Amino acid sequence: RTVEPLEYYRRFLKENCRPDGRELGEFRTTTVNIGKCLCSITTADGSALVKLGNTTVICGVKAELAAPAVDSANKGYIVPNVELPSLCAERFRSGPPGEEAQAASQFIADVIENSQMIVKEDLCIANGKLAWVLYCDIICLDYDGNLLDASVFALLAALKNVQLPLVMINEETGLSEVNLKQKNPLIIRKHPVATSFAVFDDTLLIVDPTAEEEDLATGTVTIVTDEEGRLCSVHKPGGSPLTGAKLQDCITRAITRHKEIKKLIDKVIKSITPK
């Protein structure tokens, strides 16, 4: 495994399994904690912690009030940010965001935009005067591959936990008045779920790759779908090309994975909802 890691992996892949015992199309154990339960952020307006095998990601959503942009007077803002601190893996260093963190942040921004999970018009309080800004900080605590799947899942779970207070504009003073006693859940219009694959030897696809598998792969691809089976995004940063048939296989598996994640998140939300 140390001297010839690729040959070591090929021996397993020939038998349609992986060194950790998983089949090629099998995901690692996935868990999610939402809101003010174990390990989530009590000071955020919405939070979630997701574990995908050893990969651990936490997402906190902070809602603030701001004036809308002049050219988007009826829209609020969503600002995602992915952090890969040095504590999550030896490959990352302290300091400004590295290339991988920046690419992940852009990917999350694209998923939000393409899936229309949140319509920015829904974040507007008073046209041209006041809107919500959602700061979505996604921090990796332990990195063992497949950051994008874990990040999208944590973001979705945290957003479903957000409760926004009622805000009114006082017509006499022109100032905003916040009613913290009356809160409403954020409107989530779509539920995007990411499913990532690693490509081995240009032809073989394995799902939910670990960090070691990503390093040995000849390419990766991430498929994002919503609850209607609609394709929201295909993210393929170079590497081995995929045939149309292989890509269709990925999309089919992603649609199945979406059902699994939606079932998991609904179960957790139901367990924390007051009777």
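Quick summary incoming for the structure in this document. From a predicted model like this one, the values you see are computed outputs, not experimental measurements. (Residues numbered from 1 in each chain as written. Predicted model: local features only at pLDDT ≥ 70, side-chain atom pairs only at ≥ 80, totals over all residues. Heavy atoms only, no water.)

1. Here's the deal with helix H3 (residues 147–159)
Link 1 in the chain: The end-to-end C-alpha distance of H3 is 18 Å, a good match for the 18 Å that 13 residues give at a rise of 1.5 Å each.
Link 2 in the chain: Burial analysis of H3 places 13 of its 13 residues in the buried class, the great majority of the element. (Helix = DSSP H or I, 4+ residues; strand = E, 2+ residues; numbered from the N terminus. Expected span 1.5 Å × (residues − 1). Buried < 20%, exposed > 50% of the residue type's maximum accessible area, 1.4 Å probe, protein only.)

2. Comments concerning the sheet that holds strand E12 (residues 231–235)
Two modes of strand pairing occur in sheets, parallel and antiparallel, and in both the strands are linked by backbone hydrogen bonds.
Link 1 in the chain: In space, the 4 strands of this open sheet follow the order E10-E9-E11-E12, with antiparallel pairing throughout. Of all the strands in the sheet, the pair left with one neighbour each is strand E10 (204–207) and E12. Between one strand axis and the next, the sheet turns through 25° on average, direction left out of account.
Link 2 in the chain: Relative to strand E11 (residues 219–225), strand E9 (residues 193–200) runs antiparallel, the two being bridged by 7 bridges. (Pairing = 2+ DSSP bridges. Axes fitted to C-alpha atoms, helices over the stretch in contact; angles between N-to-C directions.)

3. Quick notes on the side chain of lysine 190
Link 1 in the chain: Position of lysine 190 relative to the elements: it lies in the loop between strand E8 (176–185) and E9.
Link 2 in the chain: A distance of 2.7 Å separates polar atoms of two side chains, one belonging to lysine 190 and the other to glutamate 228.
Link 3 in the chain: In this structure lysine 190 touches Ser115, Gln116, Met117, Leu156, Asp226, Glu227, Glu228 and Arg230, once residues within four positions along its chain are discounted. (Polar contact = N/O pair within 3.5 Å; in protein donor to acceptor, adjacent residues only side chain to side chain. Contact = heavy atoms within 4.5 Å.)

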